[in-house]
Amino acid sequence: MPGPARTLKTAVGTTAAVVALGIAAAGSAIAGPTTAVTPSAVSNADVAQRWAPIHYQDVDQTGTNALGGRSDYIAAYDFDGDLDARNNWDNTGSHPLAATAYYSVLETSSHWFVTYMFFHPRDWSDSIFDTEHENDAEGVMVAVQKDGSAYGVLRAAVTVAHTNFFSYTPSGSTWGAGAENIDGTLPTATSLSDGLAHPVTAQEAKGHGLKARGGYDIVGDGVVYYPAGRAEVPEHPDDRDVSYRLVDVQASGGLWAQRANTQLFASHGTFAGDGSGSCGDGGISCSQNSANAPWGWDDGDDAPARGALATDPAGLAANYFRIPEPLDRTYVNYPY
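Our subject in this report is the structure included herewith. As the structure is a prediction and not an experimental result, all values here were calculated from the model.

So, how was this worked out
Residues numbered from 1 in each chain as written. Predicted model: local features only at pLDDT ≥ 70, side-chain atom pairs only at ≥ 80, totals over all residues. Heavy atoms only, no water. Pairing = 2+ DSSP bridges. Helix = DSSP H or I, 4+ residues; strand = E, 2+ residues; numbered from the N terminus. Phe/Tyr/Trp six-rings, centres within 6.5 Å; stacked < 30°, edge-to-face > 60°. Lys NZ or Arg CZ within 6 Å of the ring centre and 35° of its normal. Polar contact = N/O pair within 3.5 Å; in protein donor to acceptor, adjacent residues only side chain to side chain. Contact = heavy atoms within 4.5 Å. Salt bridge = Lys/Arg side-chain N within 4 Å of Asp/Glu carboxyl O. Buried < 20%, exposed > 50% of the residue type's maximum accessible area, 1.4 Å probe, protein only.

## Quick notes on the sheet that holds strand β16 (residues 270-271)
Strand order in the open sheet made by the three strands is β15-β16-β18, with antiparallel pairing throughout. Looking along the sheet, the strands with just one partner apiece sit at the ends: β15 (265-267) and β18 (291-292).

## What about the packing of aromatic side chains?
Enumeration according to the criterion identifies 10 aromatic pairs in this entry. Between Phe265 and Phe271, the aromatic rings sit 4.9 Å apart at their centres with planes inclined by 20°, giving stacked as the arrangement. Ring geometry for Phe265 against Trp295: centres 5.7 Å apart, planes inclined by 50°, an arrangement best described as tilted. Taken together, the residues Phe265 in strand β15 and Trp295 in the loop between β18 and α3 (308-311) connect sequence positions 30 residues apart. Counting every residue linked through ring pairs, the aromatic cluster contains Phe119, Trp256, Phe265, Phe271, Trp295, Tyr331, Tyr334 and Tyr336. Lys146 extends its terminal NZ or CZ atom over the ring of Trp112, reaching a point 5.0 Å from the ring centre. It is Lys211 that lies over the ring of Phe166; its NZ or CZ is 4.4 Å from the centre.

## Some remarks on unusual backbone geometry
Non-glycine residue Asn135 carries a positive phi angle of around 75°. Of note, Asn135 is situated in strand β4 (residues 131-145). Despite not being glycine, Lys206 shows a phi value in the positive range, around 75°. By secondary structure assignment, the location of Lys206 is in the loop between β10 (197-203) and β11 (210-212).

## A short note on the side chain of Glu134
In this structure, Glu134 sits in strand β4. Within the structure, the side chain of Glu134 is placed 3.0 Å from the backbone nitrogen of Asn88, a separation counted as a polar contact. Not counting chain neighbours up to four residues away, the residues in contact with Glu134 comprise Ala85, Arg86, Asn87, Asn88, Trp89, Asp90, Pro121, Gly273, Asp274, Cys279, Ser287 and Ala291.

## Examining the environment of Asp328
Structurally, the position occupied by Asp328 is in the segment after β19 (321-322). A polar side-chain atom of Asp328 sits 2.9 Å from the main-chain amide nitrogen of Thr330.

## Some points on the pattern of salt bridges
Proximity of charged atoms lets side chains of opposite charge pair with each other. Taken as a whole and judged by the stated rule, the model has seven salt bridges. Notably, a salt bridge pairs Glu107 with Lys146, separated by 2.6 Å at the nearest N-O pair. Of this pair, Glu107 sits in strand β2 (residues 100-107) while Lys146 sits in the loop between β4 and β5 (153-161); the two residues are 39 residues apart in sequence, bridging distant segments of the chain. Take Glu107 and Lys146: they sit in the same class, and that class is buried. In this structure, Asp312 engages Arg329 in a salt bridge whose closest nitrogen and oxygen atoms are separated by 3.7 Å. With Asp312 in the loop between α3 and α4 (313-320) and Arg329 in the segment after β19, this residue pair connects regions lying 17 residues apart in the sequence. Because the salt bridges share partners, they merge into one network encompassing Asp60, Asp126 and Lys206.

Structure follows, in structure tokens:
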């Protein structure tokens, strides 16, 4: 259903395309592609759009590396028009930071698992006790049970805050704690773009750890991003109504397709990043190659393997949560 009318801001395109995806696995190990399960009538892009978070981004304008708050705006990984990840820090202040998030949908006969990645060109600081680094990518996986309706029912989420994962369930969810504790309630709110309830997430300023809103929140200035299909640029550091667009990780020529590009990635699942420019001036040092793509996310003291949040979310959910309904772990398609 259409939502309230919104004032359009500047929307900027990037070189990444917007398309769709899927996956296949069986048991605790990921299997090859299978056609054993019939995909849903709705597309992966539609599922990703339906459950995309309303996203609160705290903004700090302190220090030169903040760039007046710009360093906390979400952006495309190719926001500057190229695939060289080692010039992103330097280019943050000279290119529009149009709001973009990346998604991956993995479907089984019983559930959808949607992973979202939010990218920042800088992980920055204004404290001599913290490090800085070029590029930053954190995110959230939402688990949706199929219930006969078009888009199912939201059951849980797992967020990425640096090298730690946090588990949440929305009010009324039937899922409980499994091998990991439930860290809090996943709030939902009505999106201005479609009039539907969406999960609500938040990222801290500077380091951009991501949790359900409440774990982090806007403190002072901040930007509220809505999944409204357009890559808008915030008008100022306290803009509370900015649209972001979704881009498929599996798009032709997109993030996954570029996984062996040594200008973009330093190693499997790890973005390239160097110490050029002012990186390190706001903290104790500038670390290199310190940001991970979804298939590189890892909570090292948990059982699921590195990258499982994106590449085997059904397996990760089975470990993290107590799930009362049947959970099919055979994926419809498997692009990883």
